[in-house]
Amino acid sequence: MDIHEKPTAEAGMLIRRPVAEVFEAFVDPAITTKFWFTHGSGRLDSGEQIHWEWRMYGVSTTVDVSEIVPNEKIVMQWSDPPTTVVWTFTEMPGETTFLEVRNFGFAGDGDGQVKEAVGSTGGFTLVLAGAKAWLEQGLTLGLIGDRHPKGVPAN
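For clarity, every value in this text was computed on a predicted model and none was experimentally measured.

(A) Structural context of the packing of aromatic side chains. For the structure on display, the rule yields 17 aromatic pairs. Here the aromatic rings of tryptophan 52 and tryptophan 54 are separated by 6.4 Å at their centres, their planes lie at 85°, and the arrangement is edge-to-face. As far as burial versus exposure is concerned, tryptophan 52 and tryptophan 54 are alike and both buried. With centroids separated by 5.8 Å and ring planes inclined at 25°, the aromatic side chains of tryptophan 78 and phenylalanine 124 adopt a geometry described as stacked. Within this pair, whereas tryptophan 78 is found in strand β5 (residues 73-78), its partner phenylalanine 124 is found in helix α3 (residues 110-137), the two being separated by 46 residues in sequence. Put simply, the rings of Phe23, Phe26, Phe35, Trp36, Phe37, Trp52, Trp54, Trp78, Trp87, Phe89 and Phe124 touch in pairs and so form one group of aromatic residues.

(B) View of the sheet that holds strand β7 (residues 96-104). Read across the sheet, seven strands follow the order β1-β7-β6-β5-β4-β3-β2 without closing on themselves; strand pairing throughout is antiparallel. Pairing within the sheet leaves two strands with one partner each, and these edge strands are β1 (9-15) and β2 (39-40). Pairing of strand β4 (residues 59-69) with β5 involves five bridges; the strand directions are antiparallel. By the bridge assignment for β5, valine 65 is matched with methionine 76. Its contacts with the sheet put helix α1 (residues 19-27) on β1, β4, β5, β6 (83-92) and β7, and the angle it makes with β6 is roughly 160°. Against the sheet, α3 touches β1, β5, β6 and β7, its axis set at about 10° to β1.

(C) Fine view of the pairing of β6. Relative to β6, β5 runs antiparallel, the two being bridged by six bridges. Counted as the bridge partner of glutamine 77 is threonine 84 from β6. In this antiparallel pair of consecutive strands, β5 and β6, the connection spans four residues, and serine 79 shows a positive phi of 85°. As paired strands, β6 and β7 are joined by nine bridges and run antiparallel to one another. Bridge assignment links glutamate 91 to a residue of β7, and that residue is threonine 97. Between the antiparallel neighbours β6 and β7 lie three residues, among them glycine 94 with a positive phi of about 75°.

(D) Geometry of the pairing of strand β3 (residues 49-54). Relative to β3, β2 runs antiparallel, the two being bridged by two bridges. Note on β3: the bridge partner recorded for histidine 39 is glutamate 53. Both β3 and β4 contribute to a ladder of six bridges, which runs antiparallel. Bridging across to β4, histidine 51 finds its partner in threonine 62.

(E) Structural view of the packing of α1 against α3. Between α1 and α3, the least distance of the axes is 11 Å, while the angle of their chain directions is 120°. Between α1 and α3, the interaxial angle falls into the category oblique. Crossing angle aside, the handedness with which α1 passes α3 is right-handed. Note on element contacts: α3 touches α1 through Val127, Leu128, Ala131 and Leu135, opposite Glu21, Val22, Ala25 and Phe26. Of the residues that constitute the contact of α1 with α3, the class distribution is seven nonpolar, no polar and one charged.

(F) Molecular detail of unusual backbone geometry. Cis geometry marks the peptide bond from aspartate 80 to proline 81, where omega comes out at 5°. Backbone geometry at asparagine 71 places phi at a positive 65°, although glycine is not the residue there. Within the element layout of this structure, asparagine 71 appears in the loop between β4 and β5. Accessibility expressed as a relative area gives 29% for asparagine 71, which makes it partly exposed. A positive phi is found at glutamate 95, a non-glycine position, where the angle reads about 55°. You can see glutamate 95 is positioned in the loop between β6 and β7.

Basis of the calculations
- Residues numbered from 1 in each chain as written.
- Predicted model: local features only at pLDDT ≥ 70, side-chain atom pairs only at ≥ 80, totals over all residues.
- Heavy atoms only, no water.
- Phe/Tyr/Trp six-rings, centres within 6.5 Å; stacked < 30°, edge-to-face > 60°.
- Buried < 20%, exposed > 50% of the residue type's maximum accessible area, 1.4 Å probe, protein only.
- Helix = DSSP H or I, 4+ residues; strand = E, 2+ residues; numbered from the N terminus.
- Pairing = 2+ DSSP bridges.
- Contact = heavy atoms within 4.5 Å.
- Axes fitted to C-alpha atoms, helices over the stretch in contact; angles between N-to-C directions.
- Parallel < 35°, antiparallel > 145°, perpendicular 65-115°, else oblique.
- Left-handed = near helix turned anticlockwise from the far one by under 90°.
- Nonpolar A, V, L, I, M, F, W, Y, C, P; charged D, E, K, R; others polar.

Set out below in structure tokens:
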């Protein structure tokens, strides 16, 4: 199989909360830790470099925030080698928000890029589902921690 376009991970979710509340949930680590990573070194802001940890896995990443448009968009680079993640917040009727995330710029050969994009799509889908549960119902589902439990062989 030949790849003619570089793969992009994409996920989206309607969250039944106002756009300002959904946006804040992704820039404030005190909220984000309820549904995604376990520790963040600070708020997301343009030009900032933030450190995120998933302590249950013993992994972390540095996030370079290149652009913030309040209540509309977050653009960041993360991972090693770095990829770009773009979060788009769209205000919808009835004080709801449609949140889309796109991750692109994967390195390596075609097969490796596809594998990374598929994995990223699955991961971001869990993040959005967790955010929806937390923001709409106050539920911490533990989706990220339960994705790779100890004792389950890696693929």
